[in-house]
Amino acid sequence: MSDKPQDQQADQVEPQGVKKVSLADAIKAKLAQKQADQAAARANPKAAGNANQTAKSQMTKKVNNQRRRTGGS
């Protein structure tokens, strides 16, 4: 074994390229990304419209006939 405590050894196991981010910084980054997406959607509504689900016609809707099948009143 080595003379170093275990928590110092655990720090060496992590890759050097990974940077720890605090929760507050992560939330701020996510909020900024969300606001940027909303601004882009407002600037070009036709491009953002593809992400929204289109409404279906109620003429093709299947009728729920459970009460008729089960004989309930």
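Numbering of residues begins from 1 in every chain and follows the order in which that chain's sequence is written. Residue-level local features of this predicted model are given only where pLDDT is at least 70; pairs of side-chain atoms are given and counted only at 80 or more, and the full residue set underlies all totals for whole chains, interfaces and linings. Excluding hydrogens and water, the side-chain values take into account all heavy atoms of the structure.

## Describing the overall build of the protein
Link 1 in the chain: Runs of H or I in DSSP of at least four residues are treated as helices and runs of E of at least two as strands, each being numbered from the N terminus. Looking only at helices and strands, the protein has four helices and zero strands in total.
Link 2 in the chain: N-terminal to C-terminal, the α/β element order of the protein is α-α-α-α.
Link 3 in the chain: Whether a residue is buried, partly exposed or exposed follows from its accessible area with a 1.4 Å probe, protein chains only, as a fraction of its type maximum: under 20%, in between, or over 50%, in that order. Looking at the protein as a whole, 0% of its 73 residues qualify as buried.
Link 4 in the chain: Surface exposure here means Shrake-Rupley accessible area, sampled with a 1.4 Å probe, where a residue is shielded only by the protein chains that are shown. Carbon and sulfur atoms make up 52% of the accessible area of the protein, which amounts to about 7,700 Å² in all.

## Here's the deal with the confidence of the model for the protein
Link 1 in the chain: Of the residues in the protein, 66% reach a pLDDT of 70 or more, and the chain-wide mean stands at 77.
Link 2 in the chain: Looking at the elements of the protein, mean pLDDT is at its lowest for helix α1 (residues 6-13), recorded as 56, and at its highest for helix α2 (residues 23-43), recorded as 93. Values of pLDDT, ranging from 0 to 100, describe the predictor's confidence in every residue of the model.

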